[in-house]
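# Remarks on the overall topology
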Amino acid sequence: MAHKAGFVSIIGKPNAGKSTLMNALVGEKMSIITPKAQTTRHRILGIVNTDDYQIVFSDTPGIIKPHYALHESMMHQVDGSIVDADLILLVTDIHEEFNEQDVIKKLEGSTAPLVVLINKIDLSTEDEVKEKVEYWQEKLNPKAIYAISALLDHNIKAVMDFVLDGLPEHPAYYEKDALTDRNDRFFASEMIRAQIFKQYKKEIPYSTEVIVTAFVEGEKLHRISAEIIVERDSQKNIIIGTKGEMLKIVGTYARRDMEDFFQKKIFLEMFVKVIPDWRSKKNYLKKFGYE
Ligand SMILES: Nc1nc2c(ncn2[C@@H]2O[C@H](COP(=O)(O)OP(=O)(O)OP(=O)(O)O)[C@@H](O)[C@H]2O)c(=O)[nH]1
């Protein structure tokens, strides 16, 4: 049998469940998942390998109208992933109010077949599912529509089978032992960022970036240093909390997640730094890895 390989792009609105789906498809915790919208800021590849095929999934930031240079970079990453795709999975929350214009516009950039995934059906009735299936059929006339629960792993195998079926004959794009295009530093910073999304309210998570400044691998323990970047002094105070208690909580949970992920003891130190308006400054965005 000829080897198959291809790129599958996972797109959709913020909070639709794209990262949850990618992790379910890949079977690893690649993408951070939080209850808040706009958690994912980078395109992240999750690679599934067997002897016969390689599927390269890409999880992308949720589609939004850009308000900052940061958002523009996030949307470029969505565009890039659509252009590269052999197949597009559009994830929709069954209850989301869909303003489809921006998504449809993005899809115009691609000739790849489209599959609509109606997610979170664990929170809905059969009638609602039926209604949405008809809606999407009419709206986008996709190649297929699946009603799924990414969280409860419902119908994920059917999606996987569909993906495999349509995968082009092609040699592998990445090494066969590669799980992702991202390195350990990236995952370490994402685990801190996930905790910031979980522990703080309102603007704080969106005003924050995390940079791993040192990652020293040891036999018994990894030593990781990170900077938490915020936009204002007041945010710095909130991040640190009274007597440093909030930062301590973030550090404790992030360290646990890292120990789980890297299967090593972790020593983690974090520093909070203010860079006014970093989200609008191209030079900082570039430094932080946004194109
Ligand atoms: N009930 C239910 N919740 C889900 C399901 N899939 C995802 N969620 C929840 O929806 C929230 C958002 O999930 P994510 O996977 O982070 O969504 P996303 O589309 O990647 O979000 P962005 O990063 O903002 O673009 C989380 O709280 C998930 O646990 C599902 O099938 N059922």
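Just so you know, these numbers come straight off a predicted model, no measurement behind them.

The next subject is the UniProt feature "domain: KH type-2" (unreviewed entry) in the chain. UniProt annotation of "domain: KH type-2" (unreviewed entry) refers to residues 200–276 when read in the numbering used here. As annotated, residues 200–276 comprises 34% helix and 36% strand, and the C-alpha atoms at either end are separated by 19 Å.

For the rest of this paragraph, the subject is the pairing of strand S8 (residues 221–230). Examined bridge by bridge, strand S7 (residues 209–216) and S8 share seven bridges and lie antiparallel to one another. For Val-216, the partnering residue across the bridge sits in S8 and is Arg-223. Between S7 and S8, which pair antiparallel one after the other, the connecting turn spans four residues. Alignment of S8 against strand S9 (residues 265–274), held across 10 bridges, turns out to be parallel.

The subject of this paragraph is the site of the ligand. Every one of the 24 residues lining the ligand counts as a neighbour, but Gly-17, Ser-19, Thr-40, Gly-62 and Leu-151 are closest to it. Tallying contributions element by element places helix H1 (residues 18–26) first for the shell around the ligand, with three residues. A per-class count over the shell around the ligand returns nine nonpolar, 12 polar and three charged.

Most of H1 sits out of view: eight of its nine residues are buried. Taken together, the buried positions of H1 are Lys-18, Ser-19, Thr-20, Leu-21, Met-22, Ala-24, Leu-25 and Val-26. Once H1 finishes, Gly-27 follows within two positions and takes phi at roughly 80°, a positive value.

Rules behind the numbers
- As a convention, each chain's residues are numbered from 1 in the sequence order in which they are written.
- Totals for whole chains, interfaces and linings use every residue, but because this is a predicted model, local features are given only for residues with pLDDT of at least 70 and side-chain atom pairs only at 80 or more, for both listing and counting.
- UniProt positions are given in the numbering used here, feature names are shortened, and annotations may be inferred rather than shown by experiment.
- Numbered from the N terminus, helices here are DSSP runs of H or I no shorter than four residues, and strands are runs of E no shorter than two.
- For two strands to be treated as a pair, DSSP must find no fewer than two bridges joining them.
- For each residue, a C-beta position is placed from the backbone atoms; the residue is near a molecule or strand when that point lies within 6 Å of it.
- Here the term charged refers only to Asp, Glu, Lys and Arg, the term nonpolar to Ala, Val, Leu, Ile, Met, Phe, Trp, Tyr, Cys and Pro, and the term polar to all other amino acids, Gly among them.
- Around each residue's C-beta, the other C-beta atoms within 10 Å are counted; 20 or more make the residue buried, 12 or fewer make it exposed, and counts in between make it partly exposed. All C-beta atoms are placed from the backbone.

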